[in-house]
Amino acid sequence: MRLIALPLFIFFSLASAAQCVSFKLTSKRDTINCVDKNGLKQGRWKVDVPPIRGERGYEEEGSFINGKKEGTWRRFNLMGDMIAVENYRWGLRDGTSRYFTMTGLEREEGWRAMNPAKQFDTVDVQDVNDPTKVEQVIVKVSGNALKHGRWRFYDPVTGQIIRTENWFLDQFVEPGKEPGNPDKMVKKADSTSVKKDTASVKNKPKEVMDFEKKNSGKKKTKVRDGRTGG
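A brief structural summary. Every value quoted in this text rests on a predicted model; they were computed, and no experiment measured them.

1. A closer look at the pairing of strand 9 (residues 105-113)
Point 1. Where strand 8 (residues 95-100) lies against strand 9, six bridges are found, and the strand directions are antiparallel. Residue pairing for strand 9: Phe100 is matched across the bridge by Leu105.
Point 2. Linking strand 8 to strand 9, which pair antiparallel, is a turn of four residues; within it Gly104 sits at a positive phi near 155 degrees.
Point 3. Of the pairings in the sheet, the one linking strand 9 to strand 13 (residues 149-154) comprises two bridges and is antiparallel in character. Bridge assignment links Arg107 to a residue of strand 13, and that residue is Phe153.

As structure tokens, this is what we get:
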């Protein structure tokens, strides 16, 4: 079986490399750093960033899809120590990112990537009093990564949490005022609730009306502009 597996492995590696205009091979003959005929980065990559203008250099590794970072990316200093683990979607940070010093975890950040191919997207909002209840909010897409979720700051030596912040679509949320909390006072300067009256229906964007028609009978939806404050 080993005699068969090796040629097959080489065949698939060569087939993958054949789709690349340029690429590199690792010591294990894996194809990395592929650039396709359209000039887009594809597949696994290892990126070396040298020190410049007083900034420390680093190495990072992860995957590209059509020239955009996708999935988990890991960053290391030039001594080989991990200094960051970030998650990407559509080339934007999404989910939890973690950052480290030489002594330990320094902070955790929450992000929400907004699909740049859509004009509107949806976000699930959990009721703080009843985690089983989730409400969907329709968000106008800005094409950016927004601060979203819990941010924690640690003492790298002791591992104790120094400070916690909560964010909802780039808006800082004060404790006790989370979305879903009946006593919330979240800033809504750029938000619009969808009310089922004649005036609001006339003012709804066509994309929202199409979305609500498609999702009629499902979770109740609201519209949120999604733009950041000044």
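2. Here we look at the packing of aromatic side chains
Pairs of aromatic rings are described using the distance from one ring centre to the other and the angle between the two planes.
Point 1. Tallied over the entire structure, the rule returns five aromatic pairs.
Point 2. Judged by centre distance (5.7 Å) and plane angle (80 degrees), the rings of Trp45 and Phe64 are edge-to-face. Here Phe64 lies in strand 4 (residues 58-65) and Trp45 lies in strand 3 (residues 41-49), a separation of 19 residues in the sequence. In this pair, the class of Trp45 matches that of Phe64, namely buried.
Point 3. On the basis of an interplanar angle of 75 degrees and a centroid distance of 5.1 Å, the ring pair of Phe64 and Trp73 is categorised as edge-to-face. For the residue pair Phe64 and Trp73, the accessibility class agrees, reading buried in each case.
Point 4. Cluster of aromatic residues (ring-pair linked, three or more members): Trp111, Trp151, Trp167 and Phe172.
Point 5. Geometry around Trp45 places Lys41 over its ring, the cationic atom sitting 4.8 Å from the centre.
Point 6. Across the ring face of Trp111, the terminal group of Arg93 is positioned such that the distance to the ring centre comes to 4.1 Å.

Definitions and limits used
- Residues numbered from 1 in each chain as written.
- Predicted model: local features only at pLDDT ≥ 70, side-chain atom pairs only at ≥ 80, totals over all residues.
- Heavy atoms only, no water.
- Pairing = 2+ DSSP bridges.
- Helix = DSSP H or I, 4+ residues; strand = E, 2+ residues; numbered from the N terminus.
- Phe/Tyr/Trp six-rings, centres within 6.5 Å; stacked < 30°, edge-to-face > 60°.
- Buried < 20%, exposed > 50% of the residue type's maximum accessible area, 1.4 Å probe, protein only.
- Lys NZ or Arg CZ within 6 Å of the ring centre and 35° of its normal.

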